[in-house]
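If you want the building blocks of each chain, they are given just below.
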Amino acid sequence: MKKITKMLAVLLSGVFIFGCFAACSGSSSKGNVLKVGFDQDGFEPFGYTDENGEWVGFDLDLAKECVAIMDDYDSVELVPISWDSKDEEMKAGNVDIIWNGFTIQGREDDYEWSAPYMSNSQVVLVAEDSGINTIDDLAGKIVGTQKDSSGLTAITSNENLMSIIKNGEPMQFDGYETALMELQAGSIDALVIDEQVISVKIANGDVTGYKILDETLSTEDYGVAAKKGNTQLINEIETALNTLAENGKVAEISEKYFGYDATVWAAK
């Protein structure tokens, strides 16, 4: 009887230890870090460095909030990347997603996409005293934009614009901040840029003496992009985004960076 009792105690002890291990490991079993790729040159207000040198922004805050309620991830790793190397970074596995005011249109077959979370337009920024008031006024002018951007696509797909701008092609810069400085320095006459980006800068007083032309070059949608075929990750992100939209967190973050709810959920 003593032997049976002892054996039973050992067995129960083993079951307890295994159960505890399973429970403990279950509480931290996710153990996955979501690597979020974004423009290293800054794309305010979606991802940029603040006065303390910390990476902040609407998309980055949203990514952190999503991970907090996702099933398979515990934390976020913010990965600044060269924007024109984003495809290579994803193929190499250096990033899991690209989340940085990333336009869906024209890239539908290149990535696995979430549903759009924000709409945007490609607009033309010029100095208020430039005498440029319409797209046709850009004849003979130097037009700039960011490399491998939706702004570049908007220019090159516009036959009329390409036929009238100086040299028949736009000047390309590594980032919008650099392009904006070139515009302010007078090196270019106009800058094609995301409306959601430049409108915030103008509203905040960071850019003065410049205006946005009434004519837009294109309209588009922003989404979260994962490697083609990674539907599980995108589905998790979409579920998290919808939850955050329902509980008001998306609107709260948007108010912080835009001053209002700029997302697609605001119209629903």
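Residues numbered from 1 in each chain as written. Predicted model: local features only at pLDDT ≥ 70, side-chain atom pairs only at ≥ 80, totals over all residues. Heavy atoms only, no water.

Asks: Teacher, can you tell me more about the packing of helix α2 (residues 58-69) against helix α8 (residues 231-246) here?
Replies: Pairs of packed helices are described in terms of their axes, by the angle between the two and the distance that separates them. Here α2 crosses α8 at 105°, and the two axes come no closer than 9 Å. Relative to α8, the element α2 is oriented roughly perpendicular. Mapping the contact onto sequence places Leu62, Glu65, Cys66 and Ile69 in α2 and Ile237, Ala240, Leu241, Thr243 and Leu244 in α8. (Axes fitted to C-alpha atoms, helices over the stretch in contact; angles between N-to-C directions. Helix = DSSP H or I, 4+ residues; strand = E, 2+ residues; numbered from the N terminus. Parallel < 35°, antiparallel > 145°, perpendicular 65-115°, else oblique. Contact = heavy atoms within 4.5 Å.)

Asks: Sorry if this is basic, but what is going on with unusual backbone geometry here?
Replies: Generally, phi is negative for residues other than glycine and the peptide bonds are trans, each holding for most cases. The omega angle of the peptide bond from Glu44 to Pro45 is 10°, so this bond is cis rather than trans. Within the element layout of this structure, Pro45 appears in the loop between β1 (33-39) and β2 (48-49). Even without a glycine there, the phi angle at Asn167 is positive, about 70°.

Asks: What is the right way to read the environment of Glu236 from this model?
Replies: By the secondary structure assignment, Glu236 is in helix α8. Judged by its relative accessible area of 13%, Glu236 falls in the buried class. At 3.2 Å, the side chain of Glu236 and the backbone nitrogen of Asp71 are in polar contact. (Buried < 20%, exposed > 50% of the residue type's maximum accessible area, 1.4 Å probe, protein only. Polar contact = N/O pair within 3.5 Å; in protein donor to acceptor, adjacent residues only side chain to side chain.)

Asks: Looking at this structure, how should I read the pattern of salt bridges?
Replies: Charged atoms that come close allow side chains of opposite charge to pair. Tallying each qualifying case throughout the model produces six salt bridges. Lys147 is the salt-bridge partner of Asp174, the closest N and O atoms lying 2.9 Å from each other. Of this pair, Asp174 sits in the loop between β9 (171-173) and α6 (176-185) while Lys147 sits in the loop between β8 (143-146) and α4 (150-156), and the two are 27 residues apart along the sequence. Glu177 is paired through a salt bridge with Lys201; the nearest N and O atoms lie 2.9 Å apart. Remark: Lys201 occurs in helix α7 (residues 195-203) and Glu177 occurs in helix α6; sequence separation between them is 24 residues. (Salt bridge = Lys/Arg side-chain N within 4 Å of Asp/Glu carboxyl O.)

Asks: What exactly am I supposed to notice about a negative patch on the surface here?
Replies: Residues Asp41, Asp84, Asp87, Glu88, Glu108, Asp109 and Asp110 make up a contiguous surface patch of negative charge. Its place among the elements puts Glu88 in helix α3 (residues 86-91). (Patch = residues over 30% accessible without salt bridge, like charges linked within 9 Å, V, L, I, M, F, W, Y side chains within 5 Å. Areas by Shrake-Rupley, 256 points an atom, 1.4 Å probe, with all protein chains shown as cover. Lys, Arg positive; Asp, Glu negative; His and termini not counted. Charge placed at Lys NZ, Arg CZ, Asp CG, Glu CD.)

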